[in-house]
Amino acid sequence: MPITRLGKAPGGASTSKRKRFVSLTILALAAAFALNQFGGFESFAAFIEDQDNPGTYRKISGSDCGYLQNPDNFRNAVAQHREMVSEATTTVAAALNDTGAELVPPQSIPRKNFIDNIIFDRMQRDNVQSASISTDEEFVRRVYLDITGRIPSATEVTAFLADTSATKRDALVDKLIGSPEYVDKWTMFFGDLYKNNARSTNVNRFTGGRDAFYTYIKDAVSKNKPYNQMAKEMIADDGDNFVQGEVNFIVGGTIPMGPTQDTMDGTAVEVSRAFLGINATDCLLCHDGAGHLDSVNLWGSQKTRLDAWGMSAFFARTRRQRQVLSQQPNNAKFIVSETPNGEYQLNTTTGNRQVRAPINGQSNVAPKYFLNTGGGVNTGENRRQAIARLVTADKQFARAAVNYIWEKLMVEALVSPSNAFDPARLDPAATLPSGWTLQPANAELLNSLTDEFIKQNYDIRKLIALIAKSNTYQLSSQYSGTWSLSLVPYYARKFIRRLDAEEVHDAILKATNFTATYQMRDSLNQNTFTVNWAMQLPDTLEPRTNPQIANFMNLFIRGDRDVKPRSLEPSIQQSLALMNNTFVMGKIHQANAGSAVATLLANTALTDQQIVTQLFLNTLSRNPRQDELDALLPLFSSQGKRQATEGIQWALLNKMDFVFNY
């Protein structure tokens, strides 16, 4: 796929004759679309605008459900996603093609942990060739972005490249994990997973609830709280949602304008999605799986609506007392608690779900877990405590967490879409009906990672370190042989991804040596706290106090943690923003005191080559190649030092290897 070249850069620097100075153009963005992680399917339900309340949405279900009318969307999701990831990686890697890496037999790659044993043994058995190990320059940028969400500084890059220690990669992983930047990155990740926002189409947490939830998640990530403990607290804790941040997960299950059963269902859906990776619950709460999920989810096709109601019944005694704090401006909070009474009754004819009617004279549904052998409420615990225990004790809980983390680091999930697990197709020893295949790309690896995660007491840091230290993670994205879709499940190369919106923002700041200060405000328009990096923002609609910056990041589709999922979908506006947006353009000129360009030009002792090298290290986390130097150094004579430096800075911010993590 050809990539459009840069034309005239600001200040007159022309780079059109050098093919490697490529911008994030429409074709490159098409590759970015290929990286859209099909995170995808928020649920089996769809949303349509409520005609009586413009700007608000309601779920559609049953025969109106668009997904169920098009089951191919689900049957083909895995193949489509693999094709997209494969095409994007091949396209971008071919455009970069800087290393000339040769393929190697998998048996020649050192095994650093059991991930490598499983991946490379499988490749060897099936006679699949592997990409070579990434270069130090590729690795240092990749691991900084994946673990911290920020590019490394020039000093950090040069120190790493100069280090001759055989264990320097492992040491760098250990250094980054637990750093303040790590906390920011993974707070954002879990904020996405738990859909933390101030206002959704269903419930207004207000900024007080959102900020409390953000603080809870950040504190948990900072302290490396065991993941099963986090889940238990979010599901079972009581309290004021402006104070007890974890209870905002339960608040998020609220479904208004319908019977209370809708909210019980909504909470069951969120627990299933976030903690079990199962989105079929949303479908089952409208109708039995048979006749609806037969070609979509084998496990779901064998489950009934009554089974799903058993999950919802765990939340039949959950109270969310809304307390109005202010009418003008509007502000309210929730007090979450458990009441001694309350049942899931089959007595509704309105709301977001199909009619709930008694079954064989049964009008109430008892709490019953819908996986494994079931389970209910034990003596001495309330219903939410029971479901928290059952969920976190289930191996599927650990399996879903491992899959979400693996996808974030490796781009291609082991089970994809990552929230669409089919529990009936996970065991390699199981005999599957005709037409069904094993779901995971590598069932052995998924099982081993899950067991290790449980063994390590649900330690997120150890899981991330295990993956990042593997040579599987450290493979090059370059693949000089013939690449085919069938090779994707082997992870025979590192898959490329476009940077998230916040990563793009923060990379521009760090590359150009700029700082930012964004003021957060509460629902009463009072100042609360400030952030200096986009990765520190409490949700994906901030900073509301700086709409220009918010709009810039929105072009990179960070979503709203509600009906608009985060996406890497392309648009010409993204390319134009990198080329022309004032957020970018204001950072490339000498007039900005303290900027990278101004600092370089102020140092008269630097040679032209040293200036170019420093710009490359600042922006692309690598040294320039000789052909790049040959293209750029003449600009200092033809355009002058200032224009050449400014133009090169602009060109590097628009270069493909700036906006992609490869």
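Our subject is the structure listed above.
Scoring rules and cut-offs
- Residues numbered from 1 in each chain as written.
- Predicted model: local features only at pLDDT ≥ 70, side-chain atom pairs only at ≥ 80, totals over all residues.
- Heavy atoms only, no water.
- Helix = DSSP H or I, 4+ residues; strand = E, 2+ residues; numbered from the N terminus.
- Buried < 20%, exposed > 50% of the residue type's maximum accessible area, 1.4 Å probe, protein only.
- Contact = heavy atoms within 4.5 Å.
- Areas by Shrake-Rupley, 256 points an atom, 1.4 Å probe, with all protein chains shown as cover.
- Disulfide = S-S within 2.5 Å.
- Core = buried A, V, L, I, M, F, W, Y, C linked by side-chain atoms within 4.5 Å.
- Pairing = 2+ DSSP bridges.
- Expected span 1.5 Å × (residues − 1).
- Polar contact = N/O pair within 3.5 Å; in protein donor to acceptor, adjacent residues only side chain to side chain.
- Axes fitted to C-alpha atoms, helices over the stretch in contact; angles between N-to-C directions.
- Parallel < 35°, antiparallel > 145°, perpendicular 65-115°, else oblique.
- Left-handed = near helix turned anticlockwise from the far one by under 90°.
- Phe/Tyr/Trp six-rings, centres within 6.5 Å; stacked < 30°, edge-to-face > 60°.
- Salt bridge = Lys/Arg side-chain N within 4 Å of Asp/Glu carboxyl O.

Moving on, we get to the overall build of the chain. A count of helical and extended segments in the chain gives 29 helices and 11 strands. For the chain, the residues scored as buried account for 59% of the 662 residues in total. By sequence separation, contacts in the chain at least 24 residues apart represent 70% of the contacts at least 6 residues apart. By element, 48% of the accessible surface of the chain is carried by carbon and sulfur atoms, the whole surface being about 24600 Å².

Our focus in this paragraph is the state of the cysteines. As enumerated under the stated definition, the model contains zero disulfides in all. With no disulfide of its own, cysteine 286 lies 7.2 Å from the sulfur of cysteine 283, the closest cysteine sulfur.

A separate point is unusual backbone geometry. A cis geometry characterises the amide bond from glutamine 328 onward to proline 329, with omega recorded as -5°. Cis geometry is adopted by the peptide bond preceding proline 417, which originates at serine 416 and carries an omega value of -5°. One can find proline 417 in the loop between helix H18 (395-410) and helix H19 (443-455). With a phi angle near 60°, asparagine 127 is a residue other than glycine that sits in the positive phi range. By the secondary structure assignment, asparagine 127 is in the loop between helix H5 (114-125) and helix H6 (136-148). A positive phi angle is found at lysine 195, which is not glycine, with a value near 55°. By the secondary structure assignment, lysine 195 is in the loop between helix H9 (180-193) and helix H10 (206-223).

Turning our eyes to something else, we now look at the nonpolar core. Ranked by size, the top nonpolar core spans 118 residues in total, and within it Phe190, Tyr194, Tyr227 and Phe275 carry the most contacts. Top contributing element to this core by residue count: H18, with 10 residues. When neighbours within four sequence positions are excluded, tyrosine 227 is seen to be in contact with Phe190, Leu193, Tyr194, Ala274, Phe275, Phe397, Ala401, Phe453, Tyr458 and Ile460. Core analysis: the second largest hydrophobic core is formed by 52 residues, Ala93, Ile496, Ala644 and Met656 among them.

With respect to topology, three strands assemble into an open sheet ordered E3-E5-E4, the strand pairing being antiparallel. Strands with a single pairing partner mark the edges of an open sheet, and in this sheet they are strand E3 (239-240) and strand E4 (318-326). Two elements, E3 and strand E5 (residues 331-338), share two bridges in a ladder whose sense is antiparallel. Residue aspartate 240 lies in a different strand from E5, and its bridge partner there is isoleucine 335.

What follows concerns the environment of phenylalanine 139. Note on placement: phenylalanine 139 falls in helix H6. Residue class for phenylalanine 139 comes out buried when judged on its relative accessible area of 0%. In the structure, phenylalanine 139 is positioned 522 residues away from asparagine 661 in sequence and 10.0 Å away in space, judged by C-alpha atoms. Apart from residues no more than four positions distant in its own chain, phenylalanine 139 is found in contact with Ser134, Phe160, Arg169, Leu172, Val173, Ala468, Tyr473 and Gln474.

Each full turn of the α-helix corresponds to 3.6 residues, which orients residues three or four apart in the same direction. In this model H5 runs 16 Å from its N-terminal to its C-terminal C-alpha over 12 residues, within 8% of the 16 Å that 1.5 Å per residue would give. All of the buried residues along H5 are Ile115, Asp116, Ile118, Ile119, Phe120 and Met123. Buried positions along H5 lie against H18, H19 and helix H20 (460-468). Its side-chain oxygen at 3.1 Å from the backbone nitrogen of isoleucine 115, asparagine 113 defines the N-terminal cap of H5. Phi turns positive one or two residues past the end of H5, at asparagine 127, with a value near 60°.

Next up on the list: the packing of H6 against helix H7 (residues 154-162). For the pair H6 and H7, the least separation of the axes is 10 Å and the interaxial angle reads 135°. Compared by their axis directions, H6 and H7 come out oblique. As H6 runs across H7, the sense of the crossing is right-handed. Taken together, the residues of H7 that come into contact with H6 (itself represented by Asp136, Glu137, Phe139, Val140 and Tyr144) are Glu156, Val157, Phe160 and Leu161.

This next bit is on the side chain of threonine 613. Tracing the chain through its elements places threonine 613 in helix H26 (residues 608-620). Those residues within four positions of threonine 613 in sequence are excluded, and the remaining contacts are Asn623 and Pro624.

Below, the discussion takes up the packing of aromatic side chains. Scanning all chains against the criterion turns up 26 aromatic pairs. Consider the rings of tyrosine 182 and tryptophan 186, whose centres lie 6.4 Å apart with planes at 40°: the pair is tilted. Remark: tryptophan 186 and tyrosine 182 occur in helix H9; sequence separation between them is four residues, near one turn of the helix. By relative accessible area, tyrosine 182 is classed as buried at 1%. Looking at tryptophan 186, the relative accessible area reads 0%, which means it is buried. Considering the side-chain rings of tryptophan 299 and phenylalanine 370, the 5.1 Å spacing of their centres and the 85° angle between planes classify their relative orientation as edge-to-face.

Turning to the packing of H6 against helix H8 (residues 168-176), a few remarks are in order. Where H6 contacts H8, the axes come no closer than 10 Å and their chain directions differ by 20°. On the basis of the axis angle, H6 is roughly parallel to H8. For H6 against H8, the interelement crossing comes out right-handed. For the pair H6 and H8, the contacting residues are Asp136, Phe139, Val140, Val143, Tyr144, Ile147 and Thr148 in the first and Lys168, Arg169, Leu172, Val173, Lys175 and Leu176 in the second.

Turning our attention to the pattern of salt bridges. The tally for this structure, following the rule as stated, stands at 46 salt bridges. For the salt bridge of arginine 383 with glutamate 343, the shortest nitrogen-to-oxygen distance reads 3.0 Å. Here arginine 383 is found in helix H17 (residues 383-393), whereas its partner glutamate 343 is found in the loop between E5 and strand E6 (344-345), with 40 residues between them in sequence. On the basis of relative accessibility, which here comes to 30%, the residue glutamate 343 falls in the partly exposed class.

The side chains of a regular strand alternate, residue by residue, between the two faces of the sheet. Only one face of strand E9 (residues 518-521) is buried, namely the one carrying Tyr518 and Met520, since none of Gln519 and Arg521 on the opposite face is buried. Between E9 and strand E10 (residues 527-531), which follow one another and run antiparallel, lie five residues, and asparagine 525 among them has a positive phi close to 65°.

Sheet topology note: the E9/E10 ladder contains three bridges and is antiparallel. Of the residues in E10, the one forming a bridge with arginine 521 is asparagine 527.

Any functional reading would require information that these geometric values do not contain.
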